[in-house]
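Coordinate inspection notes
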Amino acid sequence: MTYPIYLIGYMGAGKTTVGRLLAERLGWHFVDLDDAFHEIHGLSPADYIRTYGIEAFRRKEKYVLEDLAELPIEKVVYATGGGYPCWEDNMECLKELGTSFYLRWQPQHLAERLALTDLNERPLLHGKGATEILEVIRPQLEARAPFYEQADYILDAPVADVLDGSEDEQLAEQLYELIMTD
Ligand code: S3P
């Protein structure tokens, strides 16, 4: 397995939480690329999208990830932005730069998790209730799946009728085992 590690997946997939837990367990660095974007450009992705539009954001987001990859540090877990892999040749870049893991969830579970978060920070879903979130997610996830599924590894989130909040820990543990046994 080549390093660094890139976690990809839809908004609400737990890329940041799982990534942080995994990096802690491995004793590696953790970088959230939305936070890195904010530091470099002075605006959060949400504010940047609101101000300059999604295309401008995607162009900048691409170079944030690629510039950080130039750093001579390999033991890093990166949480990517949810739309990153689905833009231009970004998925190919990820695969060349390191190892990618898709955190795959059922859309209804993503909607459930997203409804509990601050949607101000998620301009694509802002102002929507849980049912409307699901209506946005379904087609978007379907359109994004062919990109996400090019990941080197796909990890399915635990399937249960009711989420109990331990899913992120379980995913981090699964990832840790995968990396350690490689
Ligand atoms: C986006 C996801 C966000 C952020 C931006 C666009 C998307 O990141 O990069 O708002 O298109 O799915 P998270 O997946 O970390 O929420």
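It should be noted that the structure appears before, not after, this text.
These lines cover the structure that appears in this document, whether it is placed above or below. Just so it is clear, the structure is predicted and the values come from calculations on it, not from any experiment.

The rules behind these values
All residue numbers here refer to positions counted from 1 along the written sequence of the relevant chain. Where totals are concerned, whole chains, interfaces and linings use all residues; where local detail is concerned, this predicted model gives features only for residues with pLDDT of at least 70, and gives and counts side-chain atom pairs only at 80 or more. The side-chain values count all of the structure's non-hydrogen atoms but skip hydrogen atoms and water molecules. Strands here are runs of E lasting at least two residues and helices are runs of H or I lasting at least four, both read from the DSSP assignment and numbered beginning at the N terminus. Based on C-alpha atoms, the radius of gyration is set beside the globule rule, defined as 2.2 Å times the residue count to the power 0.38. Relative accessibility thresholds used throughout: buried, under 20% of the residue-type maximum; exposed, over 50%; partly exposed, between the two (1.4 Å probe, protein chains only). For this analysis, residues touch if any pair of their heavy atoms sits within 4.5 Å. The protein chains shown are the only cover counted for residues, whose accessible areas, like all others here, come from Shrake-Rupley with a 1.4 Å probe. Strand pairing is defined by DSSP finding a minimum of two bridges between the two strands. Angles here are taken between N-to-C directions and fall from 0 to 180 degrees, while the axes themselves are lines fitted to C-alpha atoms, restricted in helices to the stretch in contact. Throughout this document, a residue counts as near a molecule or strand when at least one of its heavy atoms sits within 4 Å of that molecule or strand. Think of a polar contact as two N or O atoms within 3.5 Å of one another; within protein, one of them needs to be a possible hydrogen donor and the other a possible acceptor, and neighboring residues in sequence only count if both atoms come from side chains. Nonpolar residues are Ala, Val, Leu, Ile, Met, Phe, Trp, Tyr, Cys and Pro. Charged residues are Asp, Glu, Lys and Arg, and all others, Gly as well, are polar. Any carboxyl oxygen of Asp or Glu that lies within 4 Å of a side-chain nitrogen of Lys or Arg is treated as forming a salt bridge with it. The pairing test for Phe, Tyr and Trp rings, Trp by its six-membered ring, is centres within 6.5 Å, and the orientation test on the planes gives stacked under 30 degrees, edge-to-face over 60, and tilted for anything in between. Only lysine NZ and arginine CZ atoms are considered, and such an atom sits over a ring when it is within 6 Å of the ring centre and within 35 degrees of the ring normal.

1. Quick word on the overall build of the protein chain
Of the regular secondary structure elements, the protein chain holds eight helices and five strands. Taken over C-alpha atoms, the radius of gyration comes to 16 Å for the protein chain, in line with the 16 Å a tight globule of 182 residues would show. For the protein chain, the spread of C-alpha atoms along the three principal axes comes to 40 × 40 × 25 Å. Every one of the 182 residues in the protein chain was classed for burial, and the buried ones make up 47%. Considering only intrachain contacts with a sequence separation of at least 6, the fraction spanning at least 24 residues in the protein chain is 74%. Accessible area for the protein chain stands at about 9200 Å²; split by element, carbon and sulfur atoms hold 49% of it.

2. With respect to the sheet that holds strand S4 (residues 99-104)
If you trace the five strands from one edge of the open sheet to the other, you get S2-S3-S1-S4-S5, paired in parallel fashion. Here the strands that pair on one side only, and so sit at the sheet edges, are strand S2 (29-32) and strand S5 (153-156). Taken pair by pair, the neighbouring strands of this sheet meet at an average axis angle of 20°, ignoring direction. Along the sheet face, helix H2 (residues 33-41) touches S2 and strand S3 (76-79) and points at about 70° away from the line of S2.

3. Observations concerning the site of the ligand
Close contacts around the ligand come from 14 residues, with Lys-15, Asp-34, Arg-58, Arg-122 and Arg-144 the closest. Between an oxygen atom of the ligand and a side-chain N or O atom of Arg-58, the distance comes to 2.6 Å. A distance of 2.8 Å separates an oxygen atom of the ligand from a polar side-chain atom of Arg-144. With the chains in place, 94% of the 390 Å² that the ligand exposes on its own is no longer accessible. Per-element tally for the shell around the ligand: the top contributor is helix H4 (residues 54-68), with three residues. When its residues are assigned to classes, the shell around the ligand shows five nonpolar, three polar and six charged.

4. Some details on unusual backbone geometry
The amide bond that connects Tyr-3 to the next residue, Pro-4, takes the cis arrangement and shows omega of 0°. Non-glycine residue Glu-88 carries a positive phi angle of around 40°. Within the secondary structure, Glu-88 sits in the loop between S3 and helix H5 (90-97). Assessed through its relative accessible area of 56%, Glu-88 is described here as exposed.

5. Considerations on the pattern of salt bridges
Scanning the entire structure with this criterion turns up nine salt bridges. Residue Asp-47 pairs with Arg-50 through a salt bridge whose shortest N-O separation is 2.9 Å. One end of the pair is Asp-47 and the other is Arg-50, both in helix H3 (residues 45-52) and three residues apart, which spans about a single turn. Judged by relative accessible area, which is 31%, Asp-47 ranks as partly exposed. Note that Arg-104 and Asp-156 form a salt bridge whose closest N and O atoms lie 2.7 Å from each other. Taken together, the positions of Arg-104 in strand S4 and Asp-156 in strand S5 put the pair 52 residues apart, joining distant regions of the chain. Classification of Arg-104 by relative accessible area gives partly exposed; the value is 27%. For Asp-156, a relative accessible area of 39% corresponds to the partly exposed category. Connected through shared salt-bridge partners, Lys-62, Glu-66 and Asp-89 make up one network.

6. What about the packing of aromatic side chains?
Here the structure, examined in full by the defined rule, presents seven aromatic pairs. Seen from their ring centres, Phe-101 and Tyr-153 are 5.0 Å apart, and the 10° between their planes marks the pair as stacked. Residue Phe-101 is found in strand S4, and its partner Tyr-153 is found in strand S5; the two are separated by 52 residues along the sequence. In this structure Phe-101 comes out as buried when scored by relative accessible area, which is 0%. Aromatic rings pair up to connect Phe-37, Tyr-48, Tyr-52 and Phe-57 into one cluster. The ring of Tyr-176 is capped by Arg-25, whose NZ or CZ atom sits 3.9 Å from the centre of that ring.

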